[in-house]
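Residues per chain, in single letters:
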Amino acid sequence: MSTTVTAQEFLAKSIELATANVLNSGGPFGAVIVTADGQAFDGVNRVTATNDPTAHAEVTAIRRACSELGTFDLTGATLYTSCEPCPMCLASALWARVERVVFAADRHDAASVGFDDAVFYEYFENDQRDALMPVAKLELEDPQSPPVLQPFNTWNTLDSRIDY
Ligand SMILES: [Zn+2]
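Remember, predicted model here, so these are calculated numbers, not experimental data. Here, residues in each chain are numbered from 1, in the same order as that chain's written sequence. The predicted nature of this model means local features are confined to residues of pLDDT at least 70 and side-chain atom pairs, given and counted, to a pLDDT of 80 or more, with totals for whole chains, interfaces and linings taken over all residues. Derived side-chain values reflect all non-hydrogen atoms in the structure, with water molecules and hydrogen atoms excluded from consideration.

1. Regarding the nonpolar core
Here, nonpolar core means buried Ala, Val, Leu, Ile, Met, Phe, Trp, Tyr and Cys residues that are tied together by side-chain atoms lying within 4.5 Å of each other. Burial here depends on accessible area, computed with a 1.4 Å probe over protein chains only, as a share of the maximum for the residue type. Under 20% is buried, over 50% is exposed, and the range in between is partly exposed. Ile33, Ile62, Leu74, Leu79 and Val98 are the most contacted members of the largest nonpolar core, which totals 17 residues. Those elements giving two or more residues to this core turn out to be strand S1 (30-34), helix H3 (57-69) and strand S3 (78-83). Helix and strand definitions here come from DSSP, where helices need a minimum of 4 consecutive H or I residues and strands a minimum of 2 consecutive E residues; each element is numbered from the N-terminal end. A total of 5 residues in this core trace back to one element, the largest contributor, which is H3. Beyond its immediate sequence surroundings of up to four residues, Ile62 is in contact with Ile33, Leu74, Ser92, Ala93 and Ala96. Of all hydrophobic cores here, the second largest spans 8 residues; its members include Phe10, Val32, Tyr80 and Val102. Whether two residues are in contact is decided by their heavy atoms: any pair within 4.5 Å suffices.

Set out below in structure tokens:
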């Protein structure tokens, strides 16, 4: 991509990708991730096409960028997306160390055509969240069970670990 490509153009591209994806067995979502040095990587929603509920456009773009660049760290990148990222995509962008996220349509636009984004946002803000999906710590009772901190202790003492 030329350095003259603007934020407006990347965002417009994400919308074009989203529309084209609908006609290619995908959901109506597209994304472009642009690295600190200006390299652009596309992603589109492939949830139903690949039976992968995590294959949102933003995640797909992050995976492609990281795979092609050989890194798990996209520090300084900007994520352009045709629709406000869901909580999973926001968390994925945080893990990828994306610097900034820019979106076109919002969560309410997505909800208006049946996508659950708004409900999932509410999950994190709602005291009644267990009704949607309980998340609970379980104490292991069998004394033969591995200690719950065993993975962390192993990690902590491994000299060859790659911190992230
Ligand atoms: Zn998402």
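2. Quick notes on the pattern of salt bridges
Salt bridges, as used here, are contacts in which a Lys or Arg side-chain nitrogen is within 4 Å of a carboxyl oxygen on Asp or Glu. Tallied over the entire structure, the rule returns 4 salt bridges. A salt bridge links Lys13 to Asp42; the nearest nitrogen and oxygen atoms lie 3.3 Å apart. Here Asp42 lies in strand S2 (residues 40-44) and Lys13 lies in helix H1 (residues 7-22), a separation of 29 residues in the sequence. Overall, Lys13 belongs to the partly exposed group, its relative accessible area being 25%. Taking relative accessible area as the criterion, Asp42 reaches 21% and is therefore assigned partly exposed. The salt bridge partner of Arg63 is Asp52, with a shortest N-O separation of 3.5 Å. In this pair, Arg63 is assigned in helix H3 and Asp52 in the loop between helix H2 (47-50) and H3, connecting sequence segments 11 residues apart. What makes Arg63 partly exposed here is its relative accessible area of 43%.

3. Here's the deal with unusual backbone geometry
Positive phi values are uncommon outside glycine, yet Asn51 reaches one of about 50 degrees. Despite not being glycine, Arg97 shows a phi value in the positive range, around 65 degrees. Position of Arg97 relative to the elements: it lies in the loop between helix H4 (87-95) and strand S4 (100-105).

4. Thoughts on the state of the cysteines
Any two cysteine sulfur atoms within 2.5 Å of one another count as a disulfide. Counting across every chain of the model gives 0 disulfides. Cysteine Cys66 is unpaired, with the sulfur of Cys89 as its nearest cysteine sulfur at 13 Å.

5. Observations regarding the packing of aromatic side chains
What counts as a ring pair is set by centres within 6.5 Å for rings of Phe, Tyr and Trp (its six-membered ring), and what kind of pair is set by the plane angle: stacked under 30 degrees, edge-to-face over 60, tilted for all other angles. Taken as a whole and assessed by the stated rule, the structure comprises 6 aromatic pairs. Ring centres 6.3 Å apart and planes at 70 degrees place the aromatic pair Phe72 and Tyr164 in the edge-to-face group. Here Phe72 is found in the loop between H3 and S3, whereas its partner Tyr164 is found in the segment after helix H7 (150-156), with 92 residues between them in sequence. Residues Trp155 and Tyr164 carry aromatic rings whose centres are separated by 6.4 Å and whose planes lie at 75 degrees to one another, so their mutual orientation is edge-to-face. Exposure remark for Trp155: the relative accessible area of 35% places this residue in the partly exposed category. An aromatic cluster of three or more residues is present, and its members are Phe72, Trp95, Trp155 and Tyr164. By the criterion adopted, a ring carries a charge over it if an Arg CZ or a Lys NZ lies within 6 Å of its centre and within 35 degrees of its normal. When the ring centre of Tyr121 is taken as origin, the NZ or CZ atom of Arg107, which lies over that ring, is 3.6 Å away. The ring of Tyr123 has Arg129 lying over it, and the distance from NZ or CZ to the ring centre is 5.9 Å.

6. Points about the environment of Ala93
Along the chain, Ala93 turns up in helix H4. Accessibility expressed as a relative area gives 5% for Ala93, which makes it buried. A sequence separation of 14 residues divides Ala93 from Leu79, and the C-alpha atoms of the two residues are 8.0 Å apart.

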